[in-house]
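# Overview (structure and organization)
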Amino acid sequence: MSYHGKYAAPEDILRDADLSRAEKIRMLEQWRDDKKAYMRASGEGMEGEDRADLLKRIKKALALLQE
């Protein structure tokens, strides 16, 4: 299951009651990894704060699930 096109924000994944905890973690990890790769490819994250902010929100959502 992919987050692409289905979720606008990491918090949307957290709120999705149809997903198991493991599915949420997998999706957030995939999103995190995709964002990190994109940021590296676009000049080490120099593209803008919105991308860095999104990455922080993804990491925060993952931390909530892994507590």
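Each chain has its residues counted from 1, following the order in which its sequence is written. It should be noted that, the model being predicted, local features are given only for residues of pLDDT at least 70 and side-chain atom pairs only at 80 or more, the latter also being counted only at that level, while totals for whole chains, interfaces and linings use all residues. Think of the side-chain values as coming from all heavy atoms in the structure, minus any hydrogens and water.

## Considerations on the overall build of the protein chain
Regarding its fold elements, the protein chain presents three helices and zero strands. Comment: elements are numbered from the N terminus, with helices defined as DSSP H or I runs of at least four residues and strands as E runs of at least two. Counting from the amino terminus, the protein chain carries its helices and strands in the arrangement α-α-α. Exposure classes here rest on a 1.4 Å probe applied to the protein chains alone. A residue is buried below 20% of its type maximum, exposed above 50%, and partly exposed in between. Looking at the 67 residues of the protein chain, the share that counts as buried comes to 30%. Throughout, a residue-residue contact means that at least one pair of heavy atoms, one from each residue, lies within 4.5 Å. Within the protein chain, counting contacts between residues at least 6 apart in sequence, those at least 24 apart form 53% of the total. Per-residue accessibility takes into account occlusion by the displayed protein chains alone, with areas from the Shrake-Rupley method and a 1.4 Å probe. Roughly 4,500 Å² of accessible area belongs to the protein chain as shown, and the carbon and sulfur atoms make up 49% of that amount.

## Focus on the confidence of the model for the protein chain
pLDDT gives the predictor's per-residue confidence on a scale running from 0 to 100. For the protein chain, per-residue confidence averages 86 on the pLDDT scale, and residues scoring 70 or more make up 88% of the total. The weakest mean pLDDT in the protein chain belongs to helix H3 (residues 49-66) at 87; the strongest belongs to helix H1 (residues 10-15) at 96.

## Looking at the packing of aromatic side chains
A pair of aromatic rings is counted whenever rings of Phe, Tyr or Trp (Trp by its six-membered ring) have centres within 6.5 Å, and the orientation is called stacked for planes under 30 degrees apart, edge-to-face for over 60 and tilted otherwise. If you walk through the whole model with that rule in mind, you get one aromatic pair. Arranged with centres 4.7 Å apart and planes meeting at 10°, the rings of tyrosine 3 and tryptophan 31 form a pair that is stacked. Of this pair, tyrosine 3 sits in the segment before H1 while tryptophan 31 is found in helix H2 (residues 21-41), placing the two residues 28 residues apart along the sequence. The burial state of tyrosine 3 is the same as that of tryptophan 31; both residues are buried. Here, over-ring charges are defined by two tests on the NZ atom of lysine or the CZ atom of arginine: distance to the ring centre within 6 Å, and angle to the ring normal within 35 degrees. Against the face of tyrosine 38 rests lysine 35, its NZ or CZ located 5.7 Å from the ring centre.

## So, the pattern of salt bridges
Salt bridge, as used here: a side-chain nitrogen of Lys or Arg that lies within 4 Å of a carboxyl oxygen of Asp or Glu. Here the structure, examined in full by the defined rule, presents three salt bridges. Where glutamate 11 meets arginine 57, a salt bridge forms, and the shortest distance between an N and an O atom there is 2.8 Å. One end of the pair, glutamate 11, is in helix H1; the other, arginine 57, is in helix H3, and 46 residues separate them in sequence. In this structure glutamate 11 comes out as partly exposed when scored by relative accessible area, which is 25%.

## Things to note about H2
Between the first and last residue of a helix there are one fewer steps than residues, each counted as 1.5 Å, and that sum is the expected span. Helix length check: H2 (21 residues) gives 30 Å between terminal C-alpha atoms against 30 Å at 1.5 Å per residue, within 8%. Listed as buried for H2 are Lys24, Ile25, Met27, Leu28, Trp31 and Met39. For H2, the angular spread of the buried residues around the axis is 165°, confining them to a single face. Among the exposed residues of H2, those pointing more than 90 degrees away from its buried face are Arg26, Arg40 and Ala41. Directions from the helix axis toward the C-beta atoms define the arc.

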